[in-house]
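Working through the structure, step by step
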Amino acid sequence: MASVIESAWQYLITHFSDFQLACLGSFFLHESVFFLSGLPFIWLERAGWLTKYKIQAKINSPSSQGKCIIRLLLYHFGVNLPVMIFSYPVFTYMGMRSSLPLPSWRVVLSQIIFYFILEDFVFYWGHRVLHTKWLYKHVHSVHHEYATPFGLTSEYAHPAEILFLGFATIVGPAVTGPHLITLWLWMVLRVLETVEAHCGYHFPWSPSNFLPLYGGADFHDYHHRLLYTKSGNYSSTFTYMDRIFGTDIGYRKLKASKSAEIEFSSEQKKK
């Protein structure tokens, strides 16, 4: 398997420059993973499939879904792509490379874990700041236009927010100067995580059912349903920051209440 990956990587670095791979390649990979993972949730809503796993009964209209897609393309080409291009010198200065040999799985794994921890910390505070009155009204309210989120709404946000919270995602790689393949893996995992968190469905196979402190769709959907001053649940991937600072109390109380209702109903049926 390692030799196959190395051969494929050798082909890439032979036919494309570092700049092309780091900027255009990263953009193409992001767009592919984002839309391929996010679009199915639009189809699920429209077709009414798997509704028993849908967190909210409300569905988004085709026009609102179309508006989301059009604006996403504008944001991605108008904000994301230029950021990738202009940040390239910073990443290369910090040591990012694309040449062989590829890093060992231990190096890749340790860097990815570090990125998740750092991103959760930075994102939590940035997100919490965006829920102050002025910033919510003028910036973050764009993201909350969709009180019933679906996968693609994960990146639907004001351009200022894209730059502000995007810093949380790139600060780890910028500090460590990873191999480009590590950066790509981090980007793929982060995109899949945020799409899942906004998908609007809580499946039996959802990661939050298996990974401790993983937020997921149920956790983040609660954040979208409530008013900005009372929502809490500001975390990105893992929820330890909300737990430490008590900003998930409302969510935990709701979950406890639902569990008690289910237990009571089960006992009544047994009687």
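Residues numbered from 1 in each chain as written. Predicted model: local features only at pLDDT ≥ 70, side-chain atom pairs only at ≥ 80, totals over all residues. Heavy atoms only, no water.

Moving on to the overall build of the protein. A tally of helices and strands in the protein yields 10 helices and 0 strands. For the protein, the C-alpha radius of gyration of 20 Å lies close to 18 Å, the compact-globule estimate for 271 residues. In terms of overall dimensions, the protein has C-alpha extents of about 70 × 40 × 40 Å along its principal axes. Relative to its 271 residues, the protein shows a buried fraction of 45%. Approximately 14,300 Å² of the protein is accessible, and the part contributed by carbon and sulfur atoms is 70%. Where the 22 positive side-chain charges of the protein centre and where its 18 negative ones centre are 8 Å apart. (Helix = DSSP H or I, 4+ residues; strand = E, 2+ residues; numbered from the N terminus. Rg over C-alpha atoms; globule rule 2.2 N^0.38 Å. Buried < 20%, exposed > 50% of the residue type's maximum accessible area, 1.4 Å probe, protein only. Areas by Shrake-Rupley, 256 points an atom, 1.4 Å probe, with all protein chains shown as cover. Lys, Arg positive; Asp, Glu negative; His and termini not counted. Charge placed at Lys NZ, Arg CZ, Asp CG, Glu CD.)

Moving on, we come to the UniProt feature "transmembrane region" (unreviewed entry) in the protein. With numbering aligned to this structure, UniProt lists the feature "transmembrane region" (unreviewed entry) at residues 19-44, 68-88, 108-126 and 162-187. Counted over residues 19-44, helix gives 100% and strand 0%. Its end C-alpha atoms are 38 Å apart. (UniProt positions renumbered as here; feature names shortened; annotations may be inferred.)

Now for the pattern of salt bridges. Applying the stated criterion to the full structure yields 8 salt bridges. Where Lys54 meets Glu45, a salt bridge forms, and the shortest distance between an N and an O atom there is 3.4 Å. Neither residue differs from the other here; Lys54 and Glu45 are each classed as buried. In this structure, Glu119 and Arg190 form a salt bridge, with 3.0 Å as the shortest nitrogen-oxygen distance. (Salt bridge = Lys/Arg side-chain N within 4 Å of Asp/Glu carboxyl O.)

Moving on, we get to unusual backbone geometry. For the bond from Leu100 to Pro101, the omega torsion is 5°, close enough to zero to count as cis. Relative to the assigned elements, Pro101 resides in the loop between α3 (62-93) and α4 (105-130). In this structure, Leu213 is a non-glycine residue whose phi angle is positive, near 65°. Residue position: Leu213 is located in the loop between α7 (180-197) and α8 (216-225). Residue classification places Leu213 among the partly exposed positions, given a relative accessible area of 43%. Positive phi, close to 50°, is recorded for Asn233, a residue that is not glycine. You can see Asn233 is positioned in the loop between α8 and α9 (240-245). Residue classification places Asn233 among the buried residues on the basis of a relative accessible area of 0%.

Take a nonpolar patch on the surface next. The grouping of Trp49, Leu50, Trp205, Phe210 and Leu211 at the surface amounts to a nonpolar patch, some 610 Å² of accessible area in total. Mapped onto the elements, Trp205 comes out in the loop between α7 and α8. Relative accessible area serves as the criterion here: at 53%, Trp205 is assigned to the exposed category. (Patch = residues over 30% accessible without salt bridge, like charges linked within 9 Å, V, L, I, M, F, W, Y side chains within 5 Å.)

Let's shift gears to the packing of α4 against α7. As a packed pair, α4 and α7 sit with axes 10 Å apart at the nearest point and diverge in direction by 50°. Taken together, the axis directions place α4 and α7 in an arrangement best described as oblique. Taken as a pair, α4 and α7 cross one another with a handedness that is right-handed. Contacts from Val108, Gln111, Ile112, Tyr115, Phe116, Glu119 and Phe123 of α4 reach α7 at Thr182, Leu185, Trp186, Leu189 and Arg190. In terms of residue class, the contact of α4 with α7 is made up of 8 nonpolar, 2 polar and 2 charged. (Axes fitted to C-alpha atoms, helices over the stretch in contact; angles between N-to-C directions. Parallel < 35°, antiparallel > 145°, perpendicular 65-115°, else oblique. Left-handed = near helix turned anticlockwise from the far one by under 90°. Contact = heavy atoms within 4.5 Å. Nonpolar A, V, L, I, M, F, W, Y, C, P; charged D, E, K, R; others polar.)

Residues Leu152 and Leu180 are the most contacted members of the largest nonpolar core, which totals 45 residues. Only α2 (18-47), α3, α4, α6 (159-176) and α7 provide two or more residues apiece to this core. The element best represented in this core is α2, accounting for 10 residues. When neighbours within four sequence positions are excluded, Leu180 is seen to be in contact with Trp9, Leu21, Ala22, Ser26, Met96, Arg97 and Ser98. Counting 5 residues, the second-largest nonpolar core is a separate cluster that includes Phe123, Leu130, Val139 and Leu165. (Core = buried A, V, L, I, M, F, W, Y, C linked by side-chain atoms within 4.5 Å.)

Three or four residues apart is the spacing at which side chains of an α-helix point the same way, because the helix has 3.6 residues per turn. The terminal C-alpha atoms of α7, which comprises 18 residues, lie 26 Å apart, in line with the 26 Å expected from a rise of 1.5 Å per residue. When you tally the buried positions in α7, you get 13 out of 18 residues, the bulk of the element. (Expected span 1.5 Å × (residues − 1).)

By the secondary structure assignment, Phe210 is in the loop between α7 and α8. The residues touching Phe210, leaving out its near neighbours within four places in the chain, are Pro204 and Trp205.

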